Amino acid sequence: MTRFAQLRNSFAEQPWELWTRQIAAILRMDLRKNFLSRRGVWIYLLAFAPVVLITLHAILDRRSSGSIREDTEVLAYIFQFFYVRLGIFFGCLGIFTWLFRGEVIEKSLHYYFLAPVKREVLLVGKFIGGVITSVTLFGLGVFASFAMMYAHFGAAGQYYVFNGPGMGQLLAYLGVTMLACIGYGSVFLALSLLMKNPVIPAVLVLGWETFTPVLPSLVQRFSIAYYLKQLCPVSVPAEGLMALFTVVSKPVGTFAAILGPVILASFVLLLASKFVRRLEISYVAE
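Residues numbered from 1 in each chain as written. Predicted model: local features only at pLDDT ≥ 70, side-chain atom pairs only at ≥ 80, totals over all residues. Heavy atoms only, no water.

Let's shift gears to the overall build of the chain. Scanning the chain from terminus to terminus reveals 13 helices and zero strands. Starting at the N terminus and walking to the C terminus, you meet the elements of the chain as α-α-α-α-α-α-α-α-α-α-α-α-α. The buried share of the chain, reckoned over its 286 residues, is 45%. Partitioning the intrachain contacts of the chain with sequence separation of at least 6 by distance along the chain shows that 83% fall at a separation of at least 24. Carbon and sulfur atoms form 70% of the exposed surface of the chain, whose accessible area is close to 15400 Å². (Helix = DSSP H or I, 4+ residues; strand = E, 2+ residues; numbered from the N terminus. Buried < 20%, exposed > 50% of the residue type's maximum accessible area, 1.4 Å probe, protein only. Contact = heavy atoms within 4.5 Å. Areas by Shrake-Rupley, 256 points an atom, 1.4 Å probe, with all protein chains shown as cover.)

Even without being glycine, Lys-107 reaches a positive phi, approximately 55 degrees. Mapping Lys-107 onto the fold places it in the loop between α4 (68–105) and α5 (109–114). For Lys-107, a relative accessible area of 39% gives the class partly exposed.

Two numbers describe how helix α8 (residues 166–194) lies on helix α11 (residues 224–231): the axes approach to 10 Å, and their chain directions differ by 175 degrees. Taken together, the axes of α8 and α11 are roughly antiparallel relative to one another. For the pair α8 and α11, contact is made by Ala-172, Val-176, Leu-179, Ala-180, Gly-183, Tyr-184 and Val-187 and by Ile-224, Ala-225, Leu-228 and Leu-231, respectively. A class-by-class count of the residues in the contact of α8 with α11 yields 10 nonpolar, one polar and no charged. (Axes fitted to C-alpha atoms, helices over the stretch in contact; angles between N-to-C directions. Parallel < 35°, antiparallel > 145°, perpendicular 65-115°, else oblique. Nonpolar A, V, L, I, M, F, W, Y, C, P; charged D, E, K, R; others polar.)

This part is about the nonpolar core. Phe-96, Phe-100, Tyr-150, Tyr-184 and Phe-188 are the most contacted members of the largest nonpolar core, which totals 73 residues. At 16 residues, the largest contribution of residues to this core is made by α4. Those residues in contact with Phe-100 that sit more than four places away from it in its chain are Leu-109, Leu-122, Leu-123, Lys-126, Leu-189, Leu-193, Val-276 and Leu-279. (Core = buried A, V, L, I, M, F, W, Y, C linked by side-chain atoms within 4.5 Å.)

A separate point is the pattern of salt bridges. What the rule picks out here adds up to five salt bridges. Put simply, Arg-21 and Glu-17 hold a salt bridge, and the shortest N to O gap is 3.5 Å. Taken together, the residues Arg-21 and Glu-17, both in helix α2 (residues 16–36) and four residues apart, mark about one turn of the helix. Owing to a relative accessible area of 61%, Glu-17 belongs among the exposed residues under this scheme. Between Glu-103 and Lys-126 there is a salt bridge; the shortest N-O distance is 3.1 Å. Note that Glu-103 is positioned in helix α4 and Lys-126 in helix α6 (residues 119–151), a separation of 23 residues in sequence. A relative accessible area of 1% means that Lys-126 is categorised as buried. The network of salt bridges with common partners includes Asp-30, Lys-33, Glu-103 and Lys-126. (Salt bridge = Lys/Arg side-chain N within 4 Å of Asp/Glu carboxyl O.)

On the surface, Val-52, Leu-53, Leu-56, Ile-59 and Leu-60 cluster together into a nonpolar patch covering about 520 Å² of accessible area. Considering the arrangement of structural elements, one finds Val-52 in helix α3 (residues 41–60). (Patch = residues over 30% accessible without salt bridge, like charges linked within 9 Å, V, L, I, M, F, W, Y side chains within 5 Å.)

Put into structure tokens, the structure is as follows:
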């Protein structure tokens, strides 16, 4: 029997149905905690703060001579510099580092480890729960920001969205939001398994994501922001230091830019699966 046939048989013999049921059970518990926890109020604020500002802009400046083109550029700034660089980054930091560390602090992780669930299955279930939470919150924030930005233009705004490039831009923003949550979420989940306090490593990750544009193009491909910038539907002017956040020296194709964060996240999760196997519970120092 060839090596490929052995791998295929081994893959088919795995208890996929059991693992699916276990992941679904973990998801039900985690989604309840993620969405209803008072600890996560600040993440809601991160996700919806731009909506409040844009709503105020729409109310106070409804009689101004602003154009759809100007507001489209403003929305691009908000998305690229607030959502991708700050909101989603720190939101994922709060959501994904709490998936395991929160269980340790609440002294409940041992219940998962005593259950007949593979630790890798537990990791996947919690990661999917974190992705659903972050994509839902920030996706709704981006959608509401987009809707409020064009709603005050009335018929002209509707025409831009439904008959112009607006709908394509909205889908692109939502797609980039999902990729950002997957990429940053995997990194912070792995850091939470490796270190008790992932805040300092998170600062290093933020520095890496910020300053990799000055590094060789090959090194840039290990940055999540490198791919996200290329998928943003509206470019912002590259002036002064802003060029550091917007310019891509050697861009890749759209398909490669989509696969980039997914591949990086898969690699990080493989590492995280090794970390979770060695994870030991100690409630003494918590």
